[in-house]
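Read off the chains here:
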There are 2 protein chains.
Amino acid sequence: MSQKKIKTASLVIIGNEILSGRTQDKNINYIAKELFKSGISLKFICVIPDLQKQIIKTIKNLKKSYDFILTTGGIGPTHDDITAESISIALKKKYLLHKGAHKELKKYYKKVNSELTQSRMKMAYMPVGSKLIKNSVSGAPGFNIENIYVFAGIPSIVKAMMKEFLKMIKVKNKFYSSSIVTKLFESKIAHILERAEKSFKDVSIGSYPIFDGKPKGVEVVISSMTNKNNAMSARKYILREINKII
Amino acid sequence: MSQKKIKTASLVIIGNEILSGRTQDKNINYIAKELFKSGISLKFICVIPDLQKQIIKTIKNLKKSYDFILTTGGIGPTHDDITAESISIALKKKYLLHKGAHKELKKYYKKVNSELTQSRMKMAYMPVGSKLIKNSVSGAPGFNIENIYVFAGIPSIVKAMMKEFLKMIKVKNKFYSSSIVTKLFESKIAHILERAEKSFKDVSIGSYPIFDGKPKGVEVVISSMTNKNNAMSARKYILREINKII
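Position labels on residues start from 1 in each chain and follow its written sequence. Ligands are numbered from 1 and chains lettered from A, in the order in which they are written. Only residues with pLDDT of at least 70 are given local features in this predicted model, and only at 80 or more are side-chain atom pairs given and counted; all residues enter the totals for whole chains, interfaces and linings. Hydrogens and waters are ignored; side-chain quantities use all the structure's heavy atoms.

Attention now moves to the nonpolar core. A general trend in soluble globular proteins is that nonpolar side chains are found buried together. Among buried residues, the Ala, Val, Leu, Ile, Met, Phe, Trp, Tyr and Cys ones that are joined through side-chain atoms within 4.5 Å form a nonpolar core. Partly exposed residues are those whose accessible area sits between 20% and 50% of the maximum for their type, while under 20% is buried and over 50% is exposed, using a 1.4 Å probe and protein chains only. Residues Phe-165 of chain A together with Phe-165 of chain B are the most contacted members of the largest nonpolar core, which totals 114 residues. Pairs of residues are marked as contacts when any of their non-hydrogen atoms sit within 4.5 Å. Setting aside anything within four residues of it in sequence, one finds Phe-165 of chain A in contact with Leu-35, Phe-68, Leu-70, Tyr-149 and Phe-151 of chain A.

Structure representation (structure tokens):
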């Protein structure tokens, strides 16, 4: 079976409120699962503060290393919402009013009988050349520029934007993942897993202790994004070896 | 009031299972809150895969930039538990059996009537010169070497190790944090917050939309790790200005 090129992604969570512990992140797991289901390999996540310098540095570093960079947070109307401007600087693009975004905002605030104030207008500014990422929840869109996809931070909006993102990129790989649950402890099967990982190419094997007050066993996860046959063989091998020692 | 030097921290979550979405992280928020309460400023979090090269690179980069580097995950008995060895390489220390850790493991497995297998013995190997971080939950200790503190990944064990860490470092700063909840939208008060942030030194002002299906208002958080007086003045200022427009 040939090795298909797997698309990779990294995720940048922008927000002091996660770093201070004030807010519990609710986006990482959702985004990670959606990427996995779509056959995109999430390789790196970071949480950084609302600091222009750090956003710029992070974006510059990551954009070269991964196919997709997703960001959440910092695109609202207040003074600490600096994601769009920082990304403009990172990419050396002008930070300008996007006509389509302006239209979306006008439409939304009319619908909810509210005013499109000067602060809210800020949410229509983004790097020139951006494509909008539709926000079906609260009007103000995210945007895509180069390989960067900029989402809001509020979980319900992240979900809506993630769906739009997956439509935009049209990636659909098949992947294989299966797990084996055993009451044996990790230490009893470690040598089996190690041998399996060495023997079967393109297969990733994870072992996760089941812990409920005290150790209850292990879940072994066998997965491959490119080589289902090898993953299935690895699974059979592990199952057979585990059964030998039970 | 003088500017005290605030201690900084970064957190490295090591684990494919978070990146694939298989496991929901339960440690970030706990660690962030504990650090905040202790007056340590958490500046950066990252999630990286169980890959030796990436662990080494991450540790080398971060150790120069922050006072404390905390890591979670990858110190169990299986083939994908490579944190301790990778950190040894990053710091150019030998990766050796720690006598104290060995003793802890013997004691624990005797207590639970289980065997200290060869795989489990792996959990007593760490960079030479490490101090142990006690694990009151399941025996196998974490360790501290230079400014790096290595925890397990299981949340109950992370809690126990975090408590040990705070005892070890004996840092206790006073900090100030207070919030104002208003039904006004962010866009209505953005200019007030911006002015407050510019006027009051060493004060950080965050604004967090309250969103429950639709926008319900804003929580404004005023905090300072070093200058309580300025933070209290900023709070008064914001409250007064908000009351003017209600």
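An automatic or database domain assignment supplies the start and end points of every domain. What the domain assignment lists for chain A is domain 1 (8-169) and domain 2 (176-245). Here the C-alpha centroids of domain 1 of chain A and domain 2 of chain A sit 37 Å apart.

This next bit is on the interface of chain A and chain B. Listed by partner, the interface residues are 54 residues for chain A and 54 residues for chain B. Buried area between chain A and chain B, summed over both chains or domains, comes out near 4,400 Å², and the portion from carbon and sulfur atoms is 57%. A pairing counts as a salt bridge when a side-chain nitrogen of Lys or Arg comes within 4 Å of a carboxyl oxygen of Asp or Glu. Across the contact surface, chain A and chain B share four salt bridges. A salt bridge links Lys-188 of chain B to Glu-115 of chain A; the nearest nitrogen and oxygen atoms lie 3.8 Å apart. N or O atoms within 3.5 Å of each other form a polar contact, as long as, within protein, one can give a hydrogen and the other can take it, and as long as residues adjacent in sequence are counted only when both atoms are side-chain atoms. The interface formed by chain A and chain B contains 20 residue pairs in polar contact (both at pLDDT 80 or more). Note on conventions: DSSP H or I runs of at least 4 residues are helices, E runs of at least 2 residues are strands, and numbering of each starts at the N terminus. Elements supplying a minimum of two residues to the side of chain A that touches chain B: α1 (16-19), α2 (28-37), β2 (41-48), α6 (118-121), α8 (186-199), β10 (204-212) and β11 (214-224) of chain A. Here the side of chain A that touches chain B is composed, by residue class, of 26 nonpolar, 15 polar and 13 charged. The sheet contact formed by β2 of chain A and strand β2 (residues 41-48) of chain B spans three bridges and is antiparallel. Looking at the pairing, Val-47 of chain A lines up with Ile-45 of chain B of β2 of chain B. A simple way to read buried area is as the amount of 1.4 Å-probe accessible surface that goes missing from two parts once joined, with both sides added. Residues are sorted three ways: Asp, Glu, Lys and Arg are charged, Ala, Val, Leu, Ile, Met, Phe, Trp, Tyr, Cys and Pro are nonpolar, and all the rest, Gly among them, are polar. Between any two strands, at least two bridges found by DSSP are needed for them to pair.

Okay, the packing of aromatic side chains next. Centre distance within 6.5 Å is the pairing criterion for rings of Phe, Tyr and Trp, where only the six-membered ring of Trp is used; planes under 30 degrees apart are then read as stacked, over 60 as edge-to-face, and the remainder as tilted. Under the definition given, this model contains 14 aromatic pairs over all chains. With a centroid separation of 6.0 Å and an interplanar angle of 50°, the aromatic rings of Phe-200 of chain A and Tyr-237 of chain A are classed as tilted. On the criterion of sequence distance, the pair formed by Phe-200 of chain A in the loop between α8 and β10 and Tyr-237 of chain A in helix α9 (residues 228-245) is long-range, its members being 37 residues apart. Relative to Tyr-125 of chain B, the ring of Tyr-95 of chain B lies with its centre 5.8 Å away and its plane at 45°, an arrangement referred to as tilted. With Tyr-95 of chain B in strand β4 (residues 95-97) and Tyr-125 of chain B in strand β5 (residues 125-127), this pair connects stretches of sequence that are 30 residues apart. Given the relative accessible area of 25%, Tyr-95 of chain B is considered partly exposed. Here the aromatic residues Phe-68, Tyr-149, Phe-151 and Phe-165 of chain A are joined through ring pairs into a cluster of three or more. The rule is short: NZ of Lys or CZ of Arg within 6 Å of the ring centre and within 35 degrees of the ring normal puts a charge over the ring. We note Arg-22 of chain A situated over the ring of Tyr-208 of chain B; from NZ or CZ to the ring centre the distance is 4.1 Å.

Two kinds of site are reported from a 1 Å grid over the protein atoms alone, namely cavities, where a 1.4 Å probe fits but cannot get out, and pockets, open sets with protein on both sides within 12 Å along at least five of seven lines, and residues are called lining when an atom falls within 4 Å of a point. Grid points are joined across faces, edges and corners, and a volume is the space filled by probe spheres set on the points. Scanning the model with the defined rule gives three cavities of 30 Å³ or more in all. Looking at the largest cavity, it is lined by 15 residues, and the ones nearest its centre are Ile-75, Ala-84, Lys-122, Met-123 and Tyr-125 of chain B. Mapped by element, the contributors of at least two residues to the lining of the largest cavity are α4 (83-90), β5 and β7 (139-145) of chain B. The element contributing the most residues to the lining of the largest cavity is α4 of chain B, with three residues. Looking at the lining of the largest cavity residue by residue, the classes come out as nine nonpolar, three polar and three charged. Forming the walls of the second largest cavity are Gly-74, Ile-75, Gly-76, Asp-81, Ala-84, Tyr-95, Lys-122, Met-123, Tyr-125, Met-126, Pro-141 and Phe-143 of chain A.

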